[in-house]
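Residues per chain, in single letters:
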Amino acid sequence: IREVVPSSGHLEKPGTALIRFFAAKTWQERLKYCLAPEKVSKLMEAYYKEHADGPIVPEDMELTRMEPMEDDPKRHYYAFIIFMPGKEEGVPVSVEETKAGCLVEWSTFIEGKDGLLNKFYKAYQKGPQTFRVLVRRGHYFGDDVPNQDRRSVFDLSPPDGTGPYKLWIDKDSVAYSKHFATGDRTRWEISSMMVVTLEWEKTETGATFVRLRDIVADTWHPGMLPK
């Protein structure tokens, strides 16, 4: 991990945080180096009940952005792309320099690393799931989804840049009225970062499609998640 993660010069602080984050043997230890731990602890606990815990060993890593924090220019935000064994796409991982030190954003990274949205879209499954996505107005030319005149279709892209995946939103829903009916989000060129809850639907004819169940947050930042 130390051979891959840059941790010298101006990247000493974020690099050290990432090394500790990746090297953690348990999720409880990794939580110490996570941004907004009070918001992500339950998410991590649930995730690691279904997935293997332990150190994360990347193959390569590069800095893509570094900029001052708006509330304190002396502190910085760092954006990296990490490459994992067996995965062609790079995965974003961000580090924020807080008053408590540099902390890593876990949720976006883990969803990209494990391709969770892609797995969700593989086939119909019961129950809602929540993801961090880029949402952009899309096209659909099939006729298997019913009542298309009462729905809008959007393209979803996960943190690892794969996709897009089709999402249907009912125009009479609260989520559509609140987040899409006004403003720029229905313009073709606009992409919006969102945390969304999705659910598969199955028609009487057996056709399946994914619809929006809820908008959890208008940003990927874990500090903005509801309590």
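Residues numbered from 1 in each chain as written. Predicted model: local features only at pLDDT ≥ 70, side-chain atom pairs only at ≥ 80, totals over all residues. Heavy atoms only, no water.

A separate point is the overall build of the protein chain. What the protein chain contains, in helices and strands, is six helices and nine strands. Each of the three principal axes of the protein chain carries a C-alpha extent, and together these read 55 × 35 × 30 Å. Partitioning the contacts of the protein chain with sequence separation of at least 6, the portion at a separation of at least 24 is 53%. Surface accessibility of the protein chain: about 12400 Å² in total, with carbon and sulfur atoms responsible for 48%. (Helix = DSSP H or I, 4+ residues; strand = E, 2+ residues; numbered from the N terminus. Contact = heavy atoms within 4.5 Å. Areas by Shrake-Rupley, 256 points an atom, 1.4 Å probe, with all protein chains shown as cover.)

With that settled, the discussion passes to the pairing of strand E2 (residues 76-83). Bridge analysis of strand E1 (residues 60-68) against E2 gives eight bridges, and the strand direction is antiparallel. In the sheet register, Met66 faces E2, and the bridge partner there is Tyr78. As judged from the six bridges shared by E2 and strand E3 (residues 91-98), these two strands associate in the antiparallel manner. Paired with Tyr77 across the bridge in E3 is Glu96. (Pairing = 2+ DSSP bridges.)

Let us look at the confidence of the model for the protein chain. In this model, the protein chain carries an average pLDDT of 93, and 100% of its residues clear a pLDDT of 70 or more. Here helix H6 (residues 174-179) is the element of the protein chain with the lowest mean pLDDT, 87, and helix H2 (residues 27-31) is the one with the highest, 98. (pLDDT = per-residue confidence, 0-100.)

Before going further, it helps to examine the packing of helix H3 (residues 37-50) against helix H4 (residues 106-113). Where H3 meets H4, the closest approach of the two axes is 11 Å, and the angle between their N-to-C directions is 25°. Classed by the angle they form, the pair H3 and H4 counts as roughly parallel. Mapping the contact onto sequence places Val40, Leu43, Met44, Tyr47 and Tyr48 in H3 and Trp106, Ser107 and Ile110 in H4. Grouping the amino acids of the contact of H3 with H4 by side-chain chemistry returns seven nonpolar, one polar and no charged. (Axes fitted to C-alpha atoms, helices over the stretch in contact; angles between N-to-C directions. Parallel < 35°, antiparallel > 145°, perpendicular 65-115°, else oblique. Nonpolar A, V, L, I, M, F, W, Y, C, P; charged D, E, K, R; others polar.)

Time to look at the environment of Ile190. Inspection of the secondary structure puts Ile190 in the loop between H6 and strand E8 (191-202). Classification of Ile190 by relative accessible area gives partly exposed; the value is 22%. Counting along the chain gives 55 residues from Ile190 to Val135, while the straight-line C-alpha distance between them is 8.3 Å. Excluding residues within four positions of it along the chain, Ile190 makes contact with Val135, Arg136, Asp184 and Arg185. (Buried < 20%, exposed > 50% of the residue type's maximum accessible area, 1.4 Å probe, protein only.)

It is worth spelling out the pattern of salt bridges at this point. By the definition in use, this model includes 14 salt bridges. Measuring nitrogen to oxygen at the nearest pair gives 3.6 Å for the salt bridge that ties Arg211 to Glu201. Of this pair, Arg211 sits in strand E9 (residues 208-217) while Glu201 sits in strand E8, and the two are 10 residues apart along the sequence. Overall, Glu201 belongs to the partly exposed group, its relative accessible area being 27%. One connected set of salt bridges, linked through shared partners, spans Arg151, Asp170, Glu201 and Arg211. (Salt bridge = Lys/Arg side-chain N within 4 Å of Asp/Glu carboxyl O.)

Right, let's get into H4. For H4, the buried fraction is high: seven of the eight residues fall into the buried class. Listing the buried residues of H4 in full gives Trp106, Ser107, Thr108, Phe109, Ile110, Glu111 and Gly112. The N-cap of H4, judged by a side-chain oxygen 2.9 Å from the amide nitrogen of Ser107 a few residues on, is Glu105. Two residues or fewer after H4 comes Gly115, characterised by a positive phi angle close to 55°. (Polar contact = N/O pair within 3.5 Å; in protein donor to acceptor, adjacent residues only side chain to side chain.)

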